[in-house]
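So the chains spell out like this:
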Amino acid sequence: MKKRLHVVTWGCQMNVYDSARMADVLSPLGYGPADGPEDADMVILNTCHIRERASEKLFSELGRLRLVKQARAEQGNATILAVAGCVAQAEGKEILARAPYVDIVLGPQTYHRLPEMVAQAARAAGAVIDTDFPAESKFDFLPDLAAPQTEGGLTAFLTIQEGCDKFCSFCVVPYTRGAEASRPAASVLAEARRMVQAGAREITLLGQNVNAWHGEGPNGTPQTLGWLLRALAEIPGLLRLRYTTSHPRDMDDDLIAAHAEVKQVMPFLHLPVQSGSDRILAAMNRKHTADDYLRLIEKLRAARPDLALSSDFIVGHPGETEAEFEATLGLIRAVGFSQAFSFKYSPRPGTPAAGAPGQIPEAEKDRRLYALQDLLRAQQADFNRRCVGLTLPVLITGPGRHDGQVAGRSPYLQPVHFIGPKNLIGQEIPVTIEAAHTNSLSGATLKEKACA
Ligand code: SAM
Ligand code: SF4
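We now turn to the structure provided with this report. The model shown is predicted, which means the values in this text are computed figures rather than measured ones. (Residues numbered from 1 in each chain as written. Chains lettered and ligands numbered in written order. Predicted model: local features only at pLDDT ≥ 70, side-chain atom pairs only at ≥ 80, totals over all residues. Heavy atoms only, no water.)

Turning our attention to the overall build of the protein chain. Within the protein chain, the secondary structure is distributed over 13 helices and 20 strands. For the protein chain, the C-alpha radius of gyration of 23 Å lies close to 22 Å, the compact-globule estimate for 452 residues. Projecting the C-alpha coordinates of the protein chain onto the three principal axes gives extents of approximately 65 × 60 × 50 Å. Per-residue burial over the protein chain gives 55% buried out of 452 residues. Total accessible area on the protein chain is roughly 19,200 Å²; 54% of this is exposed by carbon and sulfur atoms. Distance between charge centroids for the protein chain: 3 Å, based on 48 positive and 51 negative side chains. (Helix = DSSP H or I, 4+ residues; strand = E, 2+ residues; numbered from the N terminus. Rg over C-alpha atoms; globule rule 2.2 N^0.38 Å. Buried < 20%, exposed > 50% of the residue type's maximum accessible area, 1.4 Å probe, protein only. Areas by Shrake-Rupley, 256 points an atom, 1.4 Å probe, with all protein chains shown as cover. Lys, Arg positive; Asp, Glu negative; His and termini not counted. Charge placed at Lys NZ, Arg CZ, Asp CG, Glu CD.)

Here you go:
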């Protein structure tokens, strides 16, 4: 009998990918997509713990789903309610204590055991909890993805690495996602080939620490991300490669060289630095200085002069002085980013920084965040403006927002839209950029310009 599954995803691209894979492992049990929770035999909340109020958000959503589950039960329909992801990993027992109507709690390492847990829950054997970090990798157990997941299947995400051993002072990932584990090259390459066969033209390799990838290569020895990018570039039909998120300490020379040598590797890199102050970087346990980062950027730009850079910043880490915050603004000015993410420091229970002295008042964190975002916004606008007049290859991924438009991405990850026929979707074509908007560009193809 056909059963229906509704998955709610919070957080990063890794979670989007995990949700697709959970849906995949459940499809042999007869689960297909539901229109919403009211219509679903199973609801999975795939949670993210990175920033604040994740658990409040979870319990408020669970309260709503409890009513849905009750209403369905009154009509004779059972609903399996599962909580997955990082909040499940961190607060498994607390979830079952506060929300006993939840049937399954599972951490990110145990998705391959989901069918077994569903069978147990269906037998009403009581709530099932599985948040261990098993010795074997979940990569060994998940079935193959049938199709890539985004932008009409033209761009796909592929997880190649999980977990982290770096233990930054502020971060829950090493506790929730477990130790760093890399997927073997053969399995990555096989999945990438299937994605391309199913229509993907761009693949983004994912990992909490993606450039620490050291999966087993063809001769049984660990390889590097630079090697993997070169191997992926051999796949016919794969036009573009990206990877995220990287750590500055794992940017080795071979990976930098791949940016110069492999044409499929896009000239865009998200490389989080977090702070521009050496004292704060040490307190964060980042194990690199501001100068190390700047020298790395110099090397990357020497290899690929048009490289656009993105980063993550945290303002208000415990103990951050005004001068240390200013050092972060100084680093931003020195690099010049095409876009970036910035966050107010948020204490995550169980991490070293949460109990550190010198917590910064919220209002001060707000002030620093606004100042930093003003600067980043100005740099993004400047970067976009400098693209006007250039002709950029754009991978067309779908219709634009307005009639007659199509839209896609530049090599630098900017959304680009222009007037053009829908049959361009799926192609990479040159587009002359005519205007820069806050978060996107608009342009015209040579044909359109000739007709104008
Ligand atoms: N592995 C990546 C790295 O080394 O930078 C980042 C992973 S983390 C999932 C994504 C971003 O969330 C971090 O780069 C950091 O800027 C932000 N973040 C993580 N924990 C945070 C916290 N407690 N408060 C504020 N921002 C945080
Ligand atoms: Fe978290 Fe990234 Fe630091 Fe690992 S390297 S602890 S994922 S911020």
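Now for the packing of helix 11 (residues 322-335) against helix 12 (residues 362-386). Two numbers describe how helix 11 lies on helix 12: the axes approach to 10 Å, and their chain directions differ by 10 degrees. Between helix 11 and helix 12, the crossing angle belongs to the class labelled roughly parallel. Crossing angle aside, the handedness with which helix 11 passes helix 12 is right-handed. Between helix 11 and helix 12, the contacting residues are Glu322, Phe325, Thr328, Leu329, Ile332 and Arg333 on the first element and Glu364, Arg367, Arg368, Ala371, Leu372, Leu375, Leu376 and Gln379 on the second. (Axes fitted to C-alpha atoms, helices over the stretch in contact; angles between N-to-C directions. Parallel < 35°, antiparallel > 145°, perpendicular 65-115°, else oblique. Left-handed = near helix turned anticlockwise from the far one by under 90°. Contact = heavy atoms within 4.5 Å.)

The next subject is the pattern of salt bridges. Scanning the entire structure with this criterion turns up 31 salt bridges. The shortest N-O distance in the salt bridge between aspartate 254 and arginine 230 comes to 3.1 Å. A residue pair is termed long-range when its members are at least 10 positions apart, and aspartate 254 in helix 8 (residues 253-261) and arginine 230 in helix 7 (residues 225-233) qualify at 24 residues. With a relative accessible area of 32%, aspartate 254 lands in the partly exposed category. According to the relative accessible area criterion, arginine 230 is partly exposed, its value standing at 26%. A salt bridge links glutamate 362 to lysine 365, with the shortest nitrogen-to-oxygen separation between them at 3.1 Å. Within this pair, glutamate 362 and its partner lysine 365 are both found in helix 12, separated by 3 residues, close to a single helical turn. Look at glutamate 362 and you get partly exposed, because its relative accessible area is 39%. For lysine 365, a relative accessible area of 3% translates into the label buried. One network of salt bridges, with partners in common, ties together Glu320, Glu322, Glu364, Arg367 and Arg368. (Salt bridge = Lys/Arg side-chain N within 4 Å of Asp/Glu carboxyl O.)

Contacts to ligand 2 come from Cys164, Lys166, Phe167, Cys168, Phe170, Cys171, Val173, Pro174, Asn209, His247 and Arg286. Looking at side-chain class alone, the shell around ligand 2 contains 7 nonpolar, 2 polar and 2 charged residues. (Near = heavy atom within 4 Å. Nonpolar A, V, L, I, M, F, W, Y, C, P; charged D, E, K, R; others polar.)

For the rest of this paragraph, the subject is the pairing of strand 11 (residues 240-244). For strand 11, the tally of buried residues reaches 5 of 5 residues, placing the bulk of the element in the interior. Here strand 11 shows a buried face lined by Arg240, Arg242 and Thr244 and a second buried face lined by Leu241 and Tyr243. In this view, the connection linking strand 10 (residues 202-206) to its parallel neighbour strand 11 by way of helix 7 has right-handed handedness. (Right-handed = clockwise from strand over helix to strand, strands pointing away.)

Let us look at the pairing of strand 14 (residues 312-315). A regular strand places its side chains so that they alternate between the two faces of the sheet. Burial of strand 14 is two-sided: the residues Asp312 and Ile314 facing one way and the residues Phe313 and Val315 facing the other way are all buried. By the bridge criterion, 4 bridges tie strand 14 to strand 15 (residues 341-344) in an arrangement that is parallel. Counterpart to phenylalanine 313 in the pairing with strand 15 is serine 342. With respect to chirality, the unit in which strand 14 leads through helix 11 into the neighbouring parallel strand 15 is right-handed. (Pairing = 2+ DSSP bridges.)

Among the 16 residues in the neighbourhood of ligand 1, the closest are listed as Phe170, Gln208, Gln274, Asp312 and Ser346. Contact distances for ligand 1 include 2.6 Å between a nitrogen atom and a backbone N or O atom of glutamine 208. The side chain of glutamine 274 places a nitrogen or oxygen atom 2.7 Å from an oxygen atom of ligand 1. Among the secondary structure elements, those contributing two or more residues to the shell around ligand 1 are strand 14 and strand 15. Taken together, the residues of the shell around ligand 1 sort by class into 6 nonpolar, 5 polar and 5 charged. (Polar contact = N/O pair within 3.5 Å; in protein donor to acceptor, adjacent residues only side chain to side chain.)

What follows concerns the sheet that holds strand 10. Pairing is parallel across the open sheet formed by 3 strands, whose spatial order is 7-10-11. Each edge of the open sheet carries a strand with a single partner, namely strand 7 (155-159) and strand 11. Here the average twist between neighbouring strands, direction ignored, is 20 degrees. Of the pairings in the sheet, the one linking strand 10 to strand 11 comprises 5 bridges and is parallel in character. Looking at strand 11, one finds that leucine 206 is bridged to threonine 244.

Next up on the list: the environment of glycine 355. As for its placement among the helices and strands, glycine 355 is situated in the loop between strand 15 and helix 12. Sequence separation between glycine 355 and threonine 176 is 179 residues; the distance between their C-alpha atoms is 18 Å.

Core analysis: the largest hydrophobic core is formed by 53 residues, its most contacted members being Ile203 and Leu205. Those residues in contact with isoleucine 203 that sit more than four places away from it in its chain are Ala156, Leu158, Ala192, Met195, Val196, Leu238, Arg240, Leu241 and Arg242. In this structure, Leu45, Leu62, Leu65 and Val83 belong to the second largest nonpolar core, which totals 21 residues. (Core = buried A, V, L, I, M, F, W, Y, C linked by side-chain atoms within 4.5 Å.)

These figures come from the coordinates and say nothing about function on their own.
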